[in-house]
Every structure is written in C-alpha cells, then in structure tokens.
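Here are the chains, one letter per residue:
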Amino acid sequence: MGGADIVSNGVRFVTLLFLQVFLFRQVNFGLWGADYLEILVSPLFIALLPVRTPRALVVVLAFLLGAGTDLFYESLGVHMAAASFTGYARSFALRAVEPQDGYKAKANPDGRDLGLSWWMRYLALILVAYLFWYCCMEAFSPVFWKAITLKLLVSIPISWIVCIVLITLFRPRI
C-alpha cells in the first residue's frame, strides 16, 4: 500500500467503525426477545482493501477493526473473531470471483476496475463469511441453528444493500 492508500484506508477504517458503532448498532429488529436483524457495514473495510494486500496484513487490519467494534459493542471478541476470519477468507473470495485474465497489478476491489457485477458478488461473499462467523460465534452452539439461519437470512441481504448504498454514496463512479 502506498502513502495515499494508507491515508484513504485509515479514513475508511475510522468512518466505517464510527458508522457501525454509532448508527447501525442502534438498528435492531426481533421477535420474542431475539434480535434477527443486524446491519453490519464494518466488513466493507475488509472488502475495500487493495487486491494485492498481503493476507497477513489483511488479517491484522481486520483484527484491529473487530477489536474496535468489540470495544464499543462490549461483545468480548465476537466481532474480532468474525473480522479475522473474514480477513483470512478474503483471498478465497477474491479467487472465487477472479476474472479470466486475472487482476491488474493495482486493481482495487471497489467496482471501478472490475465492474459492478463483480463487486456485488465479491461483497456478498465477504458479508456471508463475516455474518456466518459472527452469528455462529454469537450463538456459540449448533443447538441454535434455527436462530442462526434466520438471522443470516435477514441480516445478509439488508447489510449487502446498505453496503452497496454506502459505496455508491462515497464512490459514485461505480
């Protein structure tokens, strides 16, 4: 990452952490005492890191993002585990949606270089990885598979739409 990348990613880190903690944490929907909707936009930071960022750096940055989120959520490492897992799984998501001619040397996964349909599939994979791990760690038992499944079915599409709206607002040229 060059100097401009470090600054823009630092601003993105703080902005997404702020939005996650102070705006989207307040949104919850549930029945009978269980929350089924959790809008998570913090995985957008992991998704928007440059394609050629080394996996170890992605995992460290994701870990810091999860630690910051957990600090404000008081959730004892749930976001940290989900973010670290997503940081590690990011290279598999990139490989799964890799164009036939490969990635450009300085490709950014924001849709400009690779197109909107690529971006939407890639973002969906990142969100599925984050939310799956998050929900499993939060429930911490396979006994609650129905609640986990319901939460995933509600949270993934809503988080995906919110992330697309955010990226469209901040980078309207996609």
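Calculation notes
- Residues numbered from 1 in each chain as written.
- Predicted model: local features only at pLDDT ≥ 70, side-chain atom pairs only at ≥ 80, totals over all residues.
- Heavy atoms only, no water.
- pLDDT = per-residue confidence, 0-100.
- Helix = DSSP H or I, 4+ residues; strand = E, 2+ residues; numbered from the N terminus.
- Buried < 20%, exposed > 50% of the residue type's maximum accessible area, 1.4 Å probe, protein only.
- Phe/Tyr/Trp six-rings, centres within 6.5 Å; stacked < 30°, edge-to-face > 60°.
- Lys NZ or Arg CZ within 6 Å of the ring centre and 35° of its normal.
- Axes fitted to C-alpha atoms, helices over the stretch in contact; angles between N-to-C directions.
- Parallel < 35°, antiparallel > 145°, perpendicular 65-115°, else oblique.
- Left-handed = near helix turned anticlockwise from the far one by under 90°.
- Nonpolar A, V, L, I, M, F, W, Y, C, P; charged D, E, K, R; others polar.
- Contact = heavy atoms within 4.5 Å.
- Core = buried A, V, L, I, M, F, W, Y, C linked by side-chain atoms within 4.5 Å.
- Salt bridge = Lys/Arg side-chain N within 4 Å of Asp/Glu carboxyl O.
- Disulfide = S-S within 2.5 Å.
- Expected span 1.5 Å × (residues − 1).
- Bend = angle between axes of the 7 residues up to and from the residue.
- Patch = residues over 30% accessible without salt bridge, like charges linked within 9 Å, V, L, I, M, F, W, Y side chains within 5 Å.
- Areas by Shrake-Rupley, 256 points an atom, 1.4 Å probe, with all protein chains shown as cover.
- Polar contact = N/O pair within 3.5 Å; in protein donor to acceptor, adjacent residues only side chain to side chain.

Q: So what exactly am I meant to see when it comes to the confidence of the model for the chain here?
A: A low pLDDT score tells you not to read the predicted coordinates there in detail. Confidence in the prediction of the chain, expressed as mean pLDDT, is 84, and 86% of residues score 70 or more. The secondary-structure element of the chain with the lowest mean pLDDT is strand S1 (residues 29-31), recorded at 61, while helix H4 (residues 78-96) shows the highest, at 94.

Q: How do you make sense of unusual backbone geometry when you look at a structure like this?
A: Residues other than glycine predominantly adopt negative phi, and peptide bonds predominantly adopt the trans conformation. With a phi close to 55 degrees, Glu 74 is a non-glycine residue in the positive phi region. Note on placement: Glu 74 falls in the loop between helix H3 (55-73) and H4. Glu 74 sits in the exposed class, given a relative accessible area of 68%. Phi is positive for Leu 76, which is not a glycine, with a value near 55 degrees. Mapped onto the elements, Leu 76 comes out in the loop between H3 and H4.

Q: Quick question: what am I supposed to make of the packing of aromatic side chains here?
A: We describe a pair of aromatic rings using the distance from one ring centre to the other and the angle between the two ring planes. Evaluation of the coordinates by the stated rule reveals seven aromatic pairs. A cation sits over an aromatic face here: Arg 55 above Tyr 88, 4.3 Å from the ring centre.

Q: Would you mind going over the packing of helix H5 (residues 116-139) against helix H6 (residues 145-170) with me for this structure?
A: Geometrically, a packed helix pair is captured by the angle between its two axes and the distance between the axes. The interhelical angle for the contact between H5 and H6, taken along N-to-C directions, is 140 degrees, at an axis separation of 9 Å. By the angle between their axes, H5 is oblique relative to H6. In this structure, H5 crosses over H6, and the sense of that crossing is right-handed. Per-class residue counts for the contact of H5 with H6 are 19 nonpolar, two polar and two charged.

Q: Sorry if this is basic, but what is going on with the side chain of Ser 155 here?
A: Following the sequence through the fold, Ser 155 ends up in helix H6. For Ser 155, the contacting residues outside a window of four places in its chain are Tyr 36, Leu 37, Glu 38 and Leu 131.

Q: For this particular structure, what's the right way to read the nonpolar core?
A: Across soluble globular proteins, nonpolar side chains show a tendency to be buried alongside one another. Grouped together as the largest cluster of nonpolar side chains are 48 residues, with contacts concentrated most on Val 41, Leu 44, Phe 45, Trp 118, Trp 119, Tyr 122 and Leu 123. Breaking this core down by element, the ones donating at least two residues are helix H1 (3-22), helix H2 (43-47), H3, H4, H5 and H6. Among the elements that make up this core, the one with the highest residue count is H5 (10 residues).

Q: What exactly am I supposed to notice about the pattern of salt bridges here?
A: Pairing between side chains of opposite charge can happen when their charged atoms approach one another. Taken as a whole, this structure holds two salt bridges when the rule is applied. Glu 138 serves as the salt-bridge partner of Lys 151, at 2.5 Å between the closest nitrogen and oxygen. With a gap of 13 residues between them, Lys 151 in helix H6 and Glu 138 in helix H5 connect regions that are remote in the sequence.

Q: Help me understand the state of the cysteines, please; the structure alone is not making it clear to me.
A: Disulfide: a covalent bond formed between the sulfur atoms of two cysteine residues. Inspection of every chain in the model, using the stated rule, returns zero disulfides. The thiol of Cys 135 is not disulfide-bonded; the next cysteine sulfur, from Cys 136, is found 7.1 Å away.

Q: When you look at H4 in this model, what are you seeing that I'm missing?
A: Every α-helix winds through 3.6 residues per turn, so residues three or four apart in the chain are directed the same way. Look at H4: 26 Å from first C-alpha to last across 19 residues, which is about the 27 Å you get at 1.5 Å a residue. Along H4, the sharpest change in direction is near 40 degrees and occurs at Ala 89. Regarding H4, the residues found buried are Val 78, His 79, Ala 82, Ala 83, Ser 84, Thr 86, Gly 87, Ala 89, Arg 90, Ala 93 and Leu 94. Contact partners of the buried residues in H4: H2, H3 and H5.

Q: What is the right way to look at a nonpolar patch on the surface in this model?
A: On the surface, Phe 18, Phe 22, Leu 71 and Phe 72 cluster together into a nonpolar patch covering about 450 Å² of accessible area. Every element with two or more residues in the nonpolar patch is listed here: H1 and H3. Mapped onto the secondary structure, Phe 18 falls in helix H1.

Q: Help me understand the side chain of Asn 9, please; the structure alone is not making it clear to me.
A: Here Asn 9 shows up in helix H1. On the accessibility criterion, Asn 9 (6% relative accessible area) is buried. Among the polar contacts made by the side chain of Asn 9, one reaches the side chain of Arg 12 at a distance of 2.5 Å.

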